[in-house]
Amino acid sequence: MLGMWTFLITEVLFFGGMFGAYAVYRNMYPGAFASTSRYMDVVLGGTNTAVLICSSLTMVLAVRAAQLSKRKDLILFLILTMIFGSAFLGVKAFEYHSKWVEHLVPGFGFQYEHAPEYLHPAQLLFFLYFCMTGMHAIHMIVGLGLLTYLLVQAVRNQYNEYYFAPVEMIGLYWHFVDVVWIFLFPLLYLIGQRH
Amino acid sequence: MATEETHYLNATHGWKSWLLTTDHKRIAMLYLISITLMFFVGGTMAVLFRINLLQPEGIFSAETYNRLFSMHGIVMVFFFLVPSIPATLANFLIPIMIGAKDLAFPRINLLSWYIYIIGAVFAMFAIIRGGVDTGWTFYAPYSSTYSNSYVLTAAMGVFIAGFSSILTGLNFIVTVHKMRAPGMTWSRLPLFVWANYATGLIQVLGTPVLAITVLLLAFERIAHVGIFDPNIGGDPILFQHLFWFYSHPAVYIMILPGMGVISEIVACFSRKRPFGYNFIAFSSMGIAVLSFVVWGHHMFVTGEAMYTSVAFSFLSFMVAVPSAIKVFNWTATMYKGSVSFDTPMLYAFGFIGLFTIGGLTGLFLAALATDVATHGTYFIVAHFHYVMVGGMVMAFLGGLHFWWPKITGRMYPEAWSKFACMIIFIGFNLTFFPQFILGYLGMPRRYHAYPPEFQALNVLSTAGASILGIGYLIPMIYFAWSIKFGPKASANPWNAAGLEWQIASPPTTFNFDETPTVTEEAYDYDGARYYEPMEEVVG
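Model, not experiment: these values are computed from the prediction.

Enquirer: Please set out the overall build of chain B residue by residue, giving values where relevant.
Expert: Scanning chain B from N- to C-terminus turns up 17 helices and 0 strands. In terms of C-alpha radius of gyration, chain B reaches 23 Å, essentially the compact-globule figure of 24 Å for 539 residues. In terms of overall dimensions, chain B has a C-alpha envelope of 70 × 45 × 45 Å along the principal axes. A fraction of 85% describes how many contacts in chain B between residues 6 or more apart in sequence connect residues 24 or more apart.

Enquirer: Lay out the overall build of chain A with the relevant residues and their values.
Expert: The helix and strand inventory of chain A stands at 6 helices and 0 strands. For chain A, the N- to C-terminal ordering of α and β elements is α-α-α-α-α-α. Along the first, second and third principal axes, the C-alpha atoms of chain A reach 60 × 30 × 30 Å. The buried share among the 195 residues of chain A stands at 36%. Across chain A, the fraction of contacts at a sequence separation of at least 24, relative to all contacts at a separation of at least 6, is 80%.

Enquirer: So what about the interface of chain A and chain B? Which residues, and what values?
Expert: Taken together, the 23 residues of chain A in the interface contact 28 residues of chain B. Broken down by secondary-structure element, the contributors of at least two residues to the side of chain A that touches chain B are α1 (2-28) and α5 (119-155) of chain A. For the side of chain A that touches chain B, the leading source of residues is α1 of chain A, giving 14 residues. Across the side of chain A that touches chain B, the residue classes break down as 14 nonpolar, 9 polar and no charged.

Enquirer: Please set out the environment of Cys268 of chain B residue by residue, giving values where relevant.
Expert: Residue and element names in this part refer to chain B. With respect to the helices and strands, the residue Cys268 is situated in helix α10 (residues 256-270). Classification of Cys268 as buried rests on a count of 24 C-beta atoms within 10 Å. Put simply, Cys268 and Tyr523 are 255 residues apart on the chain and 8.2 Å apart in space, counted from C-alpha to C-alpha. Ignoring any residue separated from it by four or fewer positions in sequence, one finds Cys268 in contact with Trp494 and Ala496.

Enquirer: Can you lay out the packing of α1 of chain A against helix α7 (residues 151-178) of chain B for me, pointing to particular residues and giving the numbers?
Expert: Axis separation between α1 of chain A and α7 of chain B bottoms out at 9 Å; the angle between their running directions is 145 degrees. As α1 of chain A packs across α7 of chain B, the resulting crossing turns out to be right-handed. Contact residues: Leu2, Gly3, Thr6, Phe7 and Thr10 of chain A in α1 of chain A; Ile166, Leu170, Ile173, Val174, His177 and Lys178 of chain B in α7 of chain B. A per-class count over the contact of α1 of chain A with α7 of chain B returns 6 nonpolar, 4 polar and 1 charged.

Enquirer: Give a description of unusual backbone geometry that names residues and reports values.
Expert: Residues Ala140 of chain B and Pro141 of chain B are joined by a peptide bond in cis, for which omega reads -5 degrees. Within the element layout of this structure, Pro141 of chain B appears in the loop between α5 (106-128) and α6 (142-146). Note that the residue after Ser505 of chain B, namely Pro506 of chain B, is joined by a cis bond; omega there is -10 degrees. Phi is positive for His103 of chain A, which is not a glycine, with a value near 55 degrees. A residue is classified by how many C-beta atoms lie within 10 Å of it, and His103 of chain A, with 12 of them, is exposed.

Enquirer: Give a description of the confidence of the model for chain B that names residues and reports values.
Expert: Averaged over every residue, the pLDDT of chain B is 91; residues scoring 70 or more account for 97%. Contacts of residues 527-539 of chain B to residues separated by more than four positions or lying in other chains number 21 contacts, the stretch itself having pLDDT below 50.

Enquirer: Could you give an account of the environment of Ala46 of chain B, with specific residues and numbers?
Expert: Residues and elements named next belong to chain B. Looking at where Ala46 falls in the secondary structure, it is placed in helix α2 (residues 24-52). Looking at Ala46, the number of C-beta atoms within 10 Å reads 20, which means it is buried. Residues Ala46 and Ala465, spaced 419 residues apart in sequence, show a C-alpha to C-alpha distance of 8.3 Å. When residues no more than four places from it in sequence are discounted, the contact partners of Ala46 are His72 and Ala465.

Enquirer: Outline the packing of helix α3 (residues 42-67) of chain A against helix α4 (residues 71-101) of chain A, supporting the account with residue identities and numerical values.
Expert: Residues and elements named next belong to chain A. Where α3 meets α4, the closest approach of the two axes is 8 Å, and the angle between their N-to-C directions is 160 degrees. Between α3 and α4, the angle is such that the two are roughly antiparallel. Note on packing geometry: the crossing formed by α3 with α4 is left-handed. Looking at the contact of α3 with α4, its residues break down into 17 nonpolar, 6 polar and 3 charged.

Enquirer: An account of the environment of Pro166 of chain A is requested, with residue identities and associated values reported.
Expert: Residues and elements named next belong to chain A. Secondary-structure assignment places Pro166 in helix α6 (residues 165-189). With 17 C-beta atoms counted inside 10 Å, the residue Pro166 sits in the partly exposed group. A C-alpha to C-alpha distance of 26 Å links Pro166 and Phe183, two positions 17 residues apart in sequence.

Rules of the game
Residues numbered from 1 in each chain as written. Chains lettered and ligands numbered in written order. Predicted model: local features only at pLDDT ≥ 70, side-chain atom pairs only at ≥ 80, totals over all residues. Helix = DSSP H or I, 4+ residues; strand = E, 2+ residues; numbered from the N terminus. Rg over C-alpha atoms; globule rule 2.2 N^0.38 Å. Contact = placed C-beta atoms within 7 Å. Buried ≥ 20, exposed ≤ 12 C-beta atoms within 10 Å, placed from the backbone. Nonpolar A, V, L, I, M, F, W, Y, C, P; charged D, E, K, R; others polar. Axes fitted to C-alpha atoms, helices over the stretch in contact; angles between N-to-C directions. Left-handed = near helix turned anticlockwise from the far one by under 90°. pLDDT = per-residue confidence, 0-100. Parallel < 35°, antiparallel > 145°, perpendicular 65-115°, else oblique.

This is the structure in structure tokens:
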């Protein structure tokens, strides 16, 4: 467990670099950053946030099931967690696609018609958007792979109240990925919104 | 000795038993071979560009020179110094010193070596294709936009090698927390373990920031999104902040393990417990913490705000204090000790003297006024080579000599080793002391040509470099020789204290037949015992 906590601390520093870059540029170009919020679909982002939080809930229930030697529940909750995780990635893919269609992918014909004076800083924000959510998505995909491994092992009845450490550790990883999203969502989606 | 004993080197045979091993001792040996190769690659670059500096107008083109010093820096920093002691000596010794059979995560240990090799392959590919010319610091926007060299390949090599470093640090942290033998309390840990534990903390916290910095640089280079490009709103100084946030702590990754080695050697060859054990242990932790808040001292001339510079300058002075505490404690350990002058101790003396010079010149650089005058000159080059080469490499060689009998079961030839140590010491000072003067006189670094009045000092420096190169070759030869032909060593040829000296030389695969129970304090020397002559080593 200590190993997993230590690894997660390295991940904090890793994402922290990007959050640092975001902080610097947002401070330099507040107007431009606020103007990008019209392209961020708060409904989709909010849905994704809810989906991830639910997936963390099902993950915790999975760990609990392992601790109580409840194989069927463990399998059920692992599958639910994976469904939620995949749903998140599906929504993300849809969002990425719509960004592509609207020419908002930096380096691939980026355009910013509605506020041309913000072109370059907006490009910066979108670069950070893709970097940060992309890194997050990669971590989610890895997480899905780890959950698949857990599922296979759970089907083989490998976990019970004496041995559930991998479920706990991967659960911790999953929660971390969720927490990263909790920070990403307001910073990327909710700036400049006047709701 | 009638029968050949089984130990970790001969327990299993075949290349698979080495390439798929999980034995921390074998992995340490794999690393030792790899980093030695990289050391010679980086060293060759140095020889070449020092030849260039024999003539004021240079011998190679500026392009070539830029690539040579850049690759020298990248290879030496990321592929030699950062892994050096942690991946070799610490990998080998930490489990034994705490009474464990292996590290906490043996397979991750092996994985970290493979990751290192993949990173090294990227770096070698970059070198073969012509290298990068950005300097090891990869400053934007040159590296991100304008350079025509293999920035991406080299950057990917560094990115990958960073994960090797993170995994090693993670392994050490968990091992020291969770795998100490009964009775091995924190205050009984050898100082070498404390030093590598602190190093592991820095590796784990700092290297991810380098990873993301290099990744952002790669995206900038591929997609020109503008994160570091001032033409489209980016900020090149952001790159410098992000880069130095890792690279400053990195230099402490590159010195703390060396300090741990020196603590062990000085204690053994003074036949005395290290003076101020708690101070040395906590100073390692203090250095680890303070190392993260001084990065701005690399950027005093980049337009940092005045108060920011003052804060970084003050903190840089503070970070020198724990290092100085160690130097005082080592010296105090020798006072009224029974000092002998075997090769490891000679390297320790060299370290203490040269690291002190390097560290003091670091203070000149922490002071704002003198830094503005010497930034970007050879003064800086001399400063960091004094601490890195005069310090860390000396400590590495000292540690190799000290633990060689334990690692290989053989002794190296003492006369040759003392001779080599002298050659290295003389060569090192001849190479780098003139560079302090050159820097003070204003010769800038990273220039292939220079004003003719600097030639004499440059020639001295190059002469020193050749001597230093020969000095490094000699141990390679006699170490290799000793593996087959050196006299066999006993379990404790130095009569040293510490768990590693209680087991056979070389150790068996699982180190201990039974987990030891530790009842004594560390460094159970008493000053009255005299050191036995070398003849008793054989047996």
